[in-house]
Structure formats: C-alpha cells, structure tokens
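Residue strings, one per chain:
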Amino acid sequence: MKHLGRRLFFVVLLAIAPAAHCVRAGDPANPRERVSLDTGWRFLNGDPQWMSPQLDYSSVRAWLLPSSGPLLGLGTAKPARPSGNLGSDIACVQPGFDDAAWRSLDLPHDWGIEGPFCQDLPGDTGKLPFATSGWYRKRFPLPAEDAGRRLVLEIDGAMSCPLVWLNGQFVGGWAYGYTSFQLDLTPYAKPGDYNVLAIRLDNLHESSRWYPGAGLYRHVWLTKTDPIHIAQWGTIVTTPRVSSASALVSVEVRAVNDTGGAVELTIGTELFALDVGGARSGAPVASGQPVRLRAASHREASTTQTFQLVSPALWSVATPNRYLAVSTVKRGDTVIDRVETPFGIRSIAFDADRGFVLNGEVLRIQGVCQHHDLGALGTAINSRAIERQLELLRAMGCNAIRTSHNPPAPELLDACDRLGFLVLNEAFDCWAKGKGRNDYHRFFADWHEADLRALVRRDRNHPSVFMWSIGNEVIEQWGDDSQESWKLATRLAGIVREEDRTRPVSSGNNGGEMGFNGVQHALDAIGYNYRIETYARFRAENPAIPLYGSETASTLSSRGEYFFPVSDDKTDPASRANFQVSSYDLYAEGWATQVEAEWRAAAAVPGYAGEFVWTGFDYLGEPTPYNSDATNLLNFSDPVKKEKMAKQLAELGRITVQSRSSYFGIIDLAGLPKDRYFLYQSRWRPEHPMAHLLPHWTWPEREGQLTPVHVYTSGDEAELFLNGRSLGRKKKGSGEYRLRWDDVRYTPGELKVVAYKAGQRWAEDVQRTAGTPAKIALTCDRATFRADGADLVYVTVDITDNAGVLVPRASNLVRFSLQGAGEIIATDNGNPISFESFQVPERKVFNGCAVVLVRSRAGQPGTLVLRAESAGLAAQEISFASAANP
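Residues numbered from 1 in each chain as written. Predicted model: local features only at pLDDT ≥ 70, side-chain atom pairs only at ≥ 80, totals over all residues. Heavy atoms only, no water.

J.: Can you help me understand empty space enclosed by the protein in this one?
T.: Using a probe with the size of a water molecule, rolled over the atoms, empty space left in the structure can be pinpointed. Using the criterion set out here, one finds four cavities of 30 Å³ or more in the structure. Approximately 220 Å³ is the volume attributed to the largest cavity. As for the largest cavity, its lining consists of 20 residues, of which Gln370, His371, His372, Gln389 and Leu412 are closest to the centre. Take the lining of the largest cavity: its biggest share by element is four residues, from helix H3 (residues 383-396). Grouping the constituent residues of the lining of the largest cavity by class yields 10 nonpolar, eight polar and two charged. Size it by volume and the second largest cavity reaches roughly 180 Å³. Every residue lining the second largest cavity is counted, 19 residues in all, and those nearest its centre are Leu374, Gly375, Gln389, Phe617 and Leu669. (1 Å grid on protein atoms, 1.4 Å probe; cavity = no way out; pocket = protein on both sides within 12 Å on 5 of 7 lines; lining within 4 Å. Points joined across faces, edges and corners; volume = space filled by probe spheres on them. Helix = DSSP H or I, 4+ residues; strand = E, 2+ residues; numbered from the N terminus. Nonpolar A, V, L, I, M, F, W, Y, C, P; charged D, E, K, R; others polar.)

Have a look at this one:
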C-alpha cells in the first residue's frame, strides 16, 4: 500500500445501475405513470408534396435549441423560444389532418432497413435509403384525470433531427439522433380529449460513416407526474466505500417544484436486493429516516441519504448482482412521486502498472466495439436481439463492449448490467471538425454540452458502465490542431466530471501524438486505435497513465471463404476475391493490425489494461476493403464473373461495388461465428477445452494442391491427422497463438486435430469432405419465448449432405413459412454482397448457412412451426412455443 499514491491513477468506488425505472401505471400508491407510446402510429416516408421545405436545421435551429436548456450548466445562457408557432402552416401537424393514406405501424421503426438496396447509394452506409425525411403521427386519448399533471414525452432515440408537435403546436426537438431526450407536453395537452402527436425526422446524405438507421428507432414514452416530482434522471447512486465486508451506499434525490409556491417535502429511500430475473426482495435490506426538504417555486432541490450494507453482493462480470433503490417523495402524508433505480455495488480502478482492477482484482478487458445496428433488423431496437449478441460474445470470452461511436440504447446497458459486461460508453465520432459533410460537427457548437450531460445523467447509475469516451479518432488530433486539442478535450472531460466523478474519462485515438501533446493529461486513461508501435513510447513517457487498446485488429474476413495461396502479408491481393476476404484471419488494411500482432505488442507493455476489438459483429455499411467503386478485376476469381465485369468496366468505365456490410466482424451480420471467433475464444477462455480447424475440407478442384491447415486451441500443442495419418504434433512457441501446417496437400476425407494441454488430451475438432446437398437442418436458439409481440426466436438453417455434414459451399435458395401466432420478420445469411430484402421469407444460404428471425404475437401463446423448403431437398420443420411467462 505504500506505493498507492504513485501507482493508482484512477479509483472509482460506486454503486451503479440502469437509468431510474418508474413504478408503472396502475400502482395506486404512486401518481407517476410511464406509458408506452410504441403502438398505433401512421407513417409517411418523405415530406408531403404540398409542404414548403423550410424545416432544415439552419431554419429550425432557434426553435430546437430551447429543448437543450434544462441540460445546460450554470453560466451557460439558456436559449429563448422564438415567438409564434413553427409549422403552423403545415397541414400534417394539425390534429384534424386526414392521415388515413399513411402507413400504419408500431415502434421501434427503421425505415431505411426496409430498402430496397440500391447500387447507386454509397456502400459506406449500406446502400440503404436512410437519407430522406419522414413523418410519424399518433392519435391517443388523455383521461380527464390528467388535468393538473405534468405530461412529458420521452424519446430514447430518433434518427435524426426530430421536430415534435402536439395538437398543432410546436413543442421542441433535438439534433443528435442517438441522444435520449424529453419534452414537456403539458402546455399543449388536452386532458379529457384525443391528442395528436406529429414528429418529423430528417436524415441527410454524408451524415454518417456507417449505416445510422432512420426513424423512431428506439422506444417512445409518455410519463405523467405531479408538478412536484423527481427530476429526469434525478436519482444518483454511488458508494464511497466498498468491500466484501460492507459498503456505504449514497442515494441523492433531486426533486423539482413546478408550482407557484414553495413546498415542504419528505424524501425517503429504501434499498432492496434483486434476484437474477430482476425481482426485488420482499423486505428492504436497508432503509433510512426520511429527510425533510424545502423546494422553492420552479426550482430543483436535492437531498442525500447514506446506507451501510453488511456483506454486500458485489456486481462483477462473473456475478452481476444488483440492488434497487426506491425513492419516495411525500407532501404531508400524500405520496406524490416514487422512482425505482436499479444499481450494482462494485469498485473499479485503473492502475498504470497492473491494468484494470474490478473489486480489488485485476481483470483483463476482453472487449469488442459494436455499432448499434442489429443486422437484418437495422437499428430498430429489440431487447432479445441485443441479448443474443451478448450471449454469443460471452461464449467467446468477451467481457466488455465499446459503444462505438455514440450513445447506446438503454436496453443494451440494461442487458450488460444483467449479464455482466463492462461498457465503455462513447459520446461522439467527431467534434467541431467533421468527417462527412453533414455529420455531427454541424451540431457540435450548439449541442455538445447538452448531449454529453444527457448521456452521463441517463447512464451513470449502470453498473456495467465503467468509463466514458468523449470521442473517436477526431480530426482535431491532426495537423496544427493537435497542439491545442488538449483544450477541447479538457472542456469535454470537464463536462463529464461535473456530472460523474466516479468513472474515468477517455477517448479513442488513432493519432499517436494524442499521448504526448497534453491530451493525455486531460483524460484519465489513454486508448489507442491501431497504434501498437506507440505503446512502448507511451509507457516510457507516461508511466503513471493507464493504457488500453480502444480499437484493435480490424482483421477482415468473410465467413467460410478461403483463397489461395495463403500469405502472411496482411494486404496480399490474393486474400481478396469476388468481393469477399479470405477467412485465414491474416488479412487487414495497411493501417490495421493482425490479431496476433496486437497480442504480442500488448504483452510487451506493463500495465496494458486490455482491448476493444473492431468489431464483435459485422455491421451495415463501411465495407472495407471494398469502400469505393472498383477499378480493377482483382476482385474476381470466377472467370465468368470476371469476363462480365471486364465488359461492364469497358462500357461504363467503372465497376459498381457489391458490398452492403462490413468484413470486420468476429461474427457475421446474421450472427454466425467466423473462424476468428475461435481464435479469440482460444485466447480469452484459456480454461475452456476447445480446438478449431480451418479451412473446411471440401475442395474437389484442389486435389493434390497445397492447402494450409490452421488450428486455434486453448491447449498448448496439437497433432493433426488426415485420413488417420499423422501430419505431426506441434507446440505453441512464445508469441504464437495458432498452430499451422502450411504444407498439407488436399486429399478428400477426414481432417482431425487432437489438442493437448500440459501433456493431457484436451480437445479435438474434425472437418469432413461433404457430399452434395441433401438435407435442410434447422436449429432454434430457444424452445420457448415470450408471447409479447417483441420477443424473437433465431432459427439457424444449414444445408447438409446425407451424412449430416455441412456443405460448406452450398448456396441453395430456401423458402420459409410459419404456422402459429407469430411472423417471420427477417432472414439473412451473413453474405456482405447479398442484396435480397431482409424482410422476404426466403434466402440463399451463404456457404451452407442462413438465419430466420421469428417474432411472437402479443397475448397469443401457442405452438409455432417453421417450415423450410428448397428445390431438390426434403422439406424440414421445427417447432417452438410462445408463452405468457416462459
């Protein structure tokens, strides 16, 4: 402990949790209601042709900015609302407008994912038509009893630049499509009558470097409270001291008095334990004496209570234990508000010499970066889709998520809290200088403070969130700006610390000088993107500052694709053909890093805390290395396709790029693991017996040709067999993370590896030569799911031969139908150049595999049967059940 002052750079002791959850409507003891507004909307893609197009950001800026006022700190001028009523001449915002011709739908909704794909659209945003405007309208009743209550619209995310009207009156809006925000509807609401919401969104081309989605893609809520109420995100739970023996839990409650006079209030909080399913204990584990508080008119007042818990159940990635703080506001003997705040108790620390420390123990960060789309669902949020992603990542050994490069959906953080994942919560992809013509830099000066405060206030109670990131690869790190970028970094980090001093502040930097130009002193930990050559210098010149890989590897591959010859040159053109990338996991762009190169560099740096790999899953858009229209024929190995494209090149002068999605993922867009999944598993789960062989062993055209065989295993040595004959036993050397037999000549039959650890048989894997396609195999991820209209079952489709061996190059078209109370909402195959609509109930398998997504119907439990049919193959069915309470 005598070295603590020198070595321990940043310590956080806190109790944290999901954003405050409110007691739901129908609780007689609480006047607060939170009602979902997800159902019953009307939608129009584009603007009505009779409307004047005067709703671009520059035209509405003065009307939008007042919505940010409640989030601006002291000393920042609050924007004033202009006089008049924005949009008073727009027919579709008026409550009497006839929207019967508009489309009926429920939220969350992403209009861009519906397509169609268009080759004329940019590949970097997935060739999907997100860049347009759209309108949503909803008619809903308000009971007469709501008179005198405060009525607030809460939008978890809207892409983008939402403008909101209620009953023909402009309410407000926001700019950043990822920020959760609220608007006060009270002055415009009509209790005892029907009310009409109208929301316009506007997405511009060149607003994103990946597919951003479009529409009201996250949940929308109506929250009803007394005029005297707990503020938005107004409970803050921390713990000044944490140990396995005891913990101090501090709960701050911020109350708002929106009445015309001062009031005397009583605020009290009780703590409950939560079980694995989120149900609270019958009796509180701690409660305190209620505190009296005087709240002035139209002011916010706060009070804090502190509790001591004996033998607390700590939150960790292995045991994500949680608690619930229930805070009650009374005026006299009357309960006027109550808010429930889940939280977890844990301590975190960054130690420059040891790395990341959770609850006093060193924990290696084994993280991935994630964009926010959910593959075939686009960006329309779905809790089960998120949960499935996390389950697949956990099985690989992943324990952390970086929300690249924007505020995440609340549901992601809730799932990470519950399942035990660390989260690096990121705010921006750019600051004042943009990367695209219409990206966030347009809003930065006006909105960065409000967006940062909204992010931190919403998420600071989550146990999963362990660090904030204020930006990613910002342009200010280059050129003359780099010498003064510390000033802006200090400003942004300061805003974060005003809202939360319990977590470190960081950023993702691909400019090496960010660790030496003063920015490192504005932050609490330095994250480097693809700068392994800078690690040693950074550690030598900054011995007290924690270091981690904020973005690593960016290895490229397509699931099940292998090209020859195999080279260790990461940019070898032979690794790319037919708009695919070889899955030998050796290939990357020049700026990127091979997986094993990152691991070797990290191992040489004391205190390296861990990494966030780019990326966990493939995502829509950004199809490196096929970002731009191709101008050569190296993309084609198939002679027929090559001849066709050569003719097109001669006629048109260019070749249209085929790719819709990325190649970076460890798991493909459909959620099917690539070979690289098992490379990370072998490193991140050393105690898990596993071995994985690549490539597949069905190469009729390669008889007698060199076909290198690689093995990923958590063992330390392995023996390879071809048709029962040993090809030798090999042992991993220092800095080696795979075993290689590069001189194998292809012979059909059985390829088998037996792995050993400490001399003992550990694991094995087999690849067999497949015959012709003969069968359809269906596997569902769950036998039972919830009949709530949102829960999903994922069914994996494999094409096999008569012996049940996957046919690894099959491309059969499979058609799907469903019996029972549910619907097929999407299909996918993980192929980056598949342009069939995600919504159609058919799909060509890609290298033998595809996935079908089935959604339940609300309130209709029962048995569902999915049928799969393909020409020349026997049809196959699989059944599963939806239940009210599975």
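On we go.
J.: Whenever I open this one, the sheet that holds strand E42 (residues 792-800) confuses me. Can you help?
T.: Strand pairing in a sheet relies on backbone hydrogen bonds, with the paired strands running either antiparallel or parallel. The antiparallel open sheet is built from four strands, whose spatial order is E40-E42-E46-E44. In this open sheet, the two strands that pair with only one neighbour each are strand E40 (775-780) and strand E44 (822-828). Ignoring strand direction, the axes of neighbouring strands in this sheet form an average angle of 25°. (Pairing = 2+ DSSP bridges. Axes fitted to C-alpha atoms, helices over the stretch in contact; angles between N-to-C directions.)

J.: It is not clear to me how the packing of aromatic side chains should be interpreted in this structure. Could you clarify?
T.: What describes a pair of aromatic rings is the distance from one ring centre to the other and the angle between the planes of the rings. On inspection of all chains with the given rule, the structure shows 46 aromatic pairs. Centroid distance phenylalanine 117 to phenylalanine 835: 5.2 Å. Interplanar angle 85°. Geometry classified as edge-to-face. Remark: phenylalanine 835 occurs in the loop between E44 and strand E45 (842-844) and phenylalanine 117 occurs in the loop between strand E5 (103-105) and strand E6 (133-142); sequence separation between them is 718 residues. Taking the relative accessible area as the measure of exposure, phenylalanine 117 reaches 16% and is therefore buried. You can call phenylalanine 835 partly exposed: its relative accessible area is 23%. Here tryptophan 599 and tyrosine 680 contribute two aromatic rings whose centre-to-centre distance is 5.4 Å and whose plane-to-plane angle is 85°, an arrangement assigned as edge-to-face. Here tyrosine 680 lies in helix H11 (residues 675-684) and tryptophan 599 lies in helix H9 (residues 595-603), a separation of 81 residues in the sequence. An identical accessibility class is assigned to tryptophan 599 and tyrosine 680; each is buried. Through a chain of ring-to-ring contacts, three or more aromatic side chains come together here, namely Tyr57, Tyr176, Tyr178, Phe428, Tyr440, Phe443 and Phe444. (Phe/Tyr/Trp six-rings, centres within 6.5 Å; stacked < 30°, edge-to-face > 60°. Buried < 20%, exposed > 50% of the residue type's maximum accessible area, 1.4 Å probe, protein only.)

J.: Sorry, what's going on with the pairing of strand E29 (residues 547-553) here?
T.: The side chains of a regular strand alternate, residue by residue, between the two faces of the sheet. Among the seven residues of E29, seven are classified as buried, and the element is accordingly described as predominantly covered. Bridge count for strand E28 (residues 526-529) against E29 is four bridges, and the pairing is parallel. Paired with asparagine 529 across the strands is glutamate 551, a residue of E29. Regarding topology, helix H8 (residues 535-541) serves as the crossover connection from E28 to the parallel E29, and that connection is right-handed. Pairing between E29 and strand E32 (residues 608-614): four bridges, direction parallel. Bridge pairing in E32 places alanine 553 opposite tryptophan 614. (Right-handed = clockwise from strand over helix to strand, strands pointing away.)

J.: Would you explain the sheet that holds strand E25 (residues 422-426) in this entry?
T.: Strand order in this closed barrel of eight strands is E23-E24-E25-E26-E27-E28-E29-E32, and the pairing throughout is parallel. Averaged over all pairs of adjacent strands, the angle between strand axes in this sheet comes to 25°, irrespective of strand direction. Of the strands in this sheet, E29 and E32 touch H9, which is tilted by about 165° from E32. (Contact = heavy atoms within 4.5 Å.)

J.: Where do I start with the nonpolar core in this structure?
T.: Within soluble globular proteins, side chains that are nonpolar generally end up buried alongside one another. Formed by 193 residues in total, the largest nonpolar core has its most connected members in Phe356, Trp447 and Phe466. Here this core takes seven residues from helix H5 (residues 444-459), the largest share from any one element. If near-sequence neighbours (up to four positions away) are discounted, tryptophan 447 is found in contact with Tyr57, Leu64, Leu65, Ser68, Gly173, Trp174, Ala175 and Tyr440. By size, the runner-up hydrophobic cluster in this structure holds 27 residues, among which are Leu265, Ala286, Leu293 and Tyr323. (Core = buried A, V, L, I, M, F, W, Y, C linked by side-chain atoms within 4.5 Å.)

J.: Help me understand the confidence of the model for the protein chain in this model?
T.: In low-pLDDT regions, the fine details of the predicted coordinates are not to be read closely. The share of residues in the protein chain with pLDDT of 70 or more is 93%, and the mean pLDDT across the chain is 93. Contacts from residues 1-26, a stretch scored under 50 in pLDDT, to residues over four places away or in other chains number 104 contacts. (pLDDT = per-residue confidence, 0-100.)

J.: Where do I start with unusual backbone geometry in this structure?
T.: The general pattern is negative phi for most residues beyond glycine and trans for most peptide bonds. At the junction of phenylalanine 564 and proline 565, the peptide bond is cis and its omega measures out at 0° in the coordinates. Within the fold, proline 565 resides in the loop between E29 and strand E30 (576-577). Geometrically, the link from leucine 694 to proline 695 is a cis peptide bond, its omega value of 5° lying close to zero. With respect to the helices and strands, proline 695 occurs in the loop between strand E33 (691-694) and strand E34 (709-713). Backbone geometry places asparagine 359, a non-glycine residue, at a positive phi of 55°. The phi angle at asparagine 578 is positive, at roughly 55°, despite the residue not being glycine.

J.: Please clarify how the packing of H3 against H11 should be interpreted in this entry.
T.: The geometry of a pair of packed helices is captured by two quantities: the angle between their axes and the separation between those axes. Across the interface, H3 lies against H11 with an axial gap of 8 Å and an inter-helix angle of 55°. The angle between the axes of H3 and H11 places the two elements in the oblique class. Contacts from Leu392, Ala395 and Met396 in H3 reach Tyr677, Tyr680, Gln681 and Trp684 in H11. Residue composition of the contact of H3 with H11, by class: six nonpolar, one polar and no charged. (Parallel < 35°, antiparallel > 145°, perpendicular 65-115°, else oblique.)

J.: Hey, could you run me through the pattern of salt bridges in this one?
T.: Oppositely charged side chains may form a pair once their charged atoms are brought near each other. Taken as a whole, this structure holds 61 salt bridges when the rule is applied. A salt bridge links arginine 503 to aspartate 500, with the nearest nitrogen and oxygen atoms 2.8 Å apart. Here arginine 503 falls in the buried class, since its relative accessible area comes to 1%. Linking glutamate 513 and arginine 537 is a salt bridge whose minimum nitrogen-to-oxygen distance equals 3.2 Å. Taken together, the residues span a long stretch of sequence, with glutamate 513 in the loop between strand E27 (505-509) and helix H7 (519-522) and arginine 537 in helix H8 at a distance of 24 residues. Each of the salt bridges in this network shares a partner with another, and the network as a whole consists of Glu449, Arg453, Arg457, Arg460, Arg491, Glu498 and Glu499. (Salt bridge = Lys/Arg side-chain N within 4 Å of Asp/Glu carboxyl O.)

J.: Can you help me understand the side chain of serine 133 in this one?
T.: Along the polypeptide, serine 133 turns up in strand E6. At 3.1 Å, the side chain of serine 133 and the side chain of aspartate 47 are in polar contact. Ignoring sequence-local partners within four residues, the contact set of serine 133 consists of Asn45, Gly46, Asp47, Trp111, Arg200, Leu201 and Asp202. (Polar contact = N/O pair within 3.5 Å; in protein donor to acceptor, adjacent residues only side chain to side chain.)

J.: Even after reading the chapter, I still don't get the state of the cysteines, so can you show me in this structure?
T.: Inspection of the entire model under this criterion finds zero disulfides. Lacking any disulfide linkage, cysteine 416 is separated from the closest cysteine sulfur, that of cysteine 398, by 8.8 Å. Residue class for cysteine 416 comes out buried when judged on its relative accessible area of 0%. Cysteine 780 supplies the cysteine sulfur nearest to cysteine 849, a cysteine that is in no disulfide, at a spacing of 16 Å. (Disulfide = S-S within 2.5 Å.)

J.: Honestly, the layout of surface pockets in this entry has me stumped. Any pointers?
T.: By volume, the second largest pocket amounts to about 1300 Å³. Secondary-structure elements contributing two or more residues to the lining of the second largest pocket are strand E9 (169-173), strand E10 (181-184), strand E13 (228-242), strand E14 (246-257), strand E18 (299-310) and helix H6 (485-499). The greatest single-element share of the lining of the second largest pocket, amounting to five residues, is contributed by E13. Considering only residue class, the lining of the second largest pocket consists of 16 nonpolar, 10 polar and 12 charged.

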